[in-house]
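Okay, here's what each chain looks like letter by letter:
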Amino acid sequence: MIKGQNYEKKGSLLYLCVNFMKECSNKVSESVFSALLETLLGGESPGREGWRMLLSGLDESQAARVRDAASAVVRDRFGGGVYVRGLIEISSYCRNNCYYCGLRRSNRHASRYRLTTDDVLGCCREGARLGFGTFVLQGGEDEEQDDDWMEATVRAIHAEFPAQAITLSVGERSREAYRRFREAGADRYLLRHETRNDAHYACLHPAEMSGAHRRDCLRALKELGYQVGAGMMVGSPGQTVDHLLDDIAFLEELRPEMIGMGPFVPAAHTPFARHAAGSVDLTLRLIALMRLRFPDALIPATTALATLDGRGREAGLRAGANVVMPNLSPAAVRGQYSIYDGKASWGSEAAEGLRLLEQELNRMGCHIAYGRGDYPGRDGGPK
Ligand code: 5AD
Ligand code: SF4
């Protein structure tokens, strides 16, 4: 039974249909399953119907074997090393109004702050002291932190920390702005496409935003030589398996160096506050499948996964993820960057918790890989 839906009432037509569909879809034979895995391990795409079977047709034992195969691939490529990125949440102001996000501009309950360049540099100093090789500057689309501010801030970080990589995650900007940030020293850019399906995109965003524009930004970033991160929320309101198949097709076309996928987590005071959360299992399945398709990709075990499940981060790493992003934001504002409810930012989700994290990783036979952690392959992986 799929959680959070209201077709649990036994005997209802919907109940019978859903179970019939589940019966039909849970029928990937062992020989087809092996062929699908071999296709992926051989560097080929299983195609839309193959992906459909892998996403919604496996039994628990097959799903576990997908995770194990992904885990073997990531270990083979990265030798048990997990990259850490120091996450600095630079502003909780946002001009956008995405229906799912606690920072949306219409949310009058959200607490707002923005860091100054000096604040950000202070975080970087602490991050460098702790051993981080990458700083991630993430924020809402804050009009005060405009292109000039971003460029100057990146330049200041790069001047003081030339050995560290700089990742930006500050939304949709002009190509010219992206060019200036790159020239100032930015190496990577995270911009989730959220969903490749335009009708679904319109369910999640107001009319002034478009999936096409988001994708144009991603392509511009690629052309400018950034290592680019795309990705989607899993179980976002209205999402179907076909939407996820569209997402996978888009990832196969874009070939991003980084793929960020986390379950949808409801956020208070948003239109989707009462919507069910996304599935942790499906998120893990997607992480494993994307690892198999993009062996060199940088795939985080996301905070959303850790937020929904106390062992979510570990499970993500066991399913093929190889990046974690401990929170390096100033203690005084941490917790105010509330894109969804209950967001984990302390313990081993915190930068100060690196030792906890190391212990957690060691128990899994992994370790923290210090260093920049650039994409090891060439331009986004398999064609
Ligand atoms: N649940 C899960 N992820 C969310 N994001 C925004 N709101 C939510 C939510 N309620 C994700 C989006 C965005 C990233 C920064 O956080 O995918 O791109
Ligand atoms: Fe702003 Fe990003 Fe939240 Fe959308 S998801 S409202 S762009 S912070």
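Residues numbered from 1 in each chain as written. Chains lettered and ligands numbered in written order. Predicted model: local features only at pLDDT ≥ 70, side-chain atom pairs only at ≥ 80, totals over all residues.

A look at the sheet that holds strand β8 (residues 323-324)
1) Next: Here we have three strands laid out as an open sheet, ordered β8-β1-β9, and parallel in their pairing. A strand with exactly one partner marks an edge of an open sheet, and here the two such strands are β8 and β9 (367-369).
2) Next: In terms of strand pairing, strand β1 (residues 81-84) meets β8 through two bridges, oriented parallel. The residue of β8 that forms the bridge with V84 is V324.
3) Next: Of the strands in this sheet, β1, β8 and β9 are in contact with helix α14 (residues 354-363), which crosses β9 at around 120°. (Pairing = 2+ DSSP bridges. Helix = DSSP H or I, 4+ residues; strand = E, 2+ residues; numbered from the N terminus. Contact = placed C-beta atoms within 7 Å. Axes fitted to C-alpha atoms, helices over the stretch in contact; angles between N-to-C directions.)

As for the site of ligand 2
1) Next: Contacts to ligand 2 come from C94, N96, C98, C101, L103, R104, G140, E141, G171 and I339.
2) Next: For the shell around ligand 2, a count of residues per class yields five nonpolar, three polar and two charged. (Near = placed C-beta within 6 Å. Nonpolar A, V, L, I, M, F, W, Y, C, P; charged D, E, K, R; others polar.)

Section: the pairing of β1
1) Next: Relative to β9, β1 is paired through three bridges, and the arrangement is parallel. When the bridges of β9 are listed, G81 appears paired with H367.

Remarks on the site of ligand 1
1) Next: Residues in contact with ligand 1, as listed here, are Y100, C101, R192, E194, M233, G262, F264, V265, A267, A304, I339 and Y340.
2) Next: Residue classes in the shell around ligand 1 are distributed as nine nonpolar, one polar and two charged.

Here we look at helix α7 (residues 175-184)
Structurally, the α-helix is built with 3.6 residues per turn, so residues lying three or four positions apart point the same way.
1) Next: By the burial criterion, the buried members of α7 are Y178, F181 and R182. All buried residues of α7 project into a common sector of 100° when viewed along the axis, lining one side. In this structure, α7 carries E176 and E183 as exposed residues pointing more than 90 degrees from its buried face.
2) Next: Buried-residue contacts for α7 involve α6 (147-160), β4 (165-169) and α9 (211-223).
3) Next: Where α7 ends, the next residue or the one after it, G185, has phi of about 130°, a positive value. (Buried ≥ 20, exposed ≤ 12 C-beta atoms within 10 Å, placed from the backbone. Arc of directions from axis to C-beta.)

Points about the packing of helix α4 (residues 60-78) against helix α11 (residues 280-293)
1) Next: Between α4 and α11, whose axes approach to 8 Å, the crossing angle comes to 45°. If you check the angle between α4 and α11, you find them oblique. Relative to α11, the crossing made by α4 is left-handed. On α11, the residues that touch A63, V66, R67, A69, A70, V73 and V74 of α4 are L284, R285, A288, L289, R291 and L292.
2) Next: Here the residues of the contact of α4 with α11 sort into ten nonpolar, no polar and three charged. (Parallel < 35°, antiparallel > 145°, perpendicular 65-115°, else oblique. Left-handed = near helix turned anticlockwise from the far one by under 90°.)

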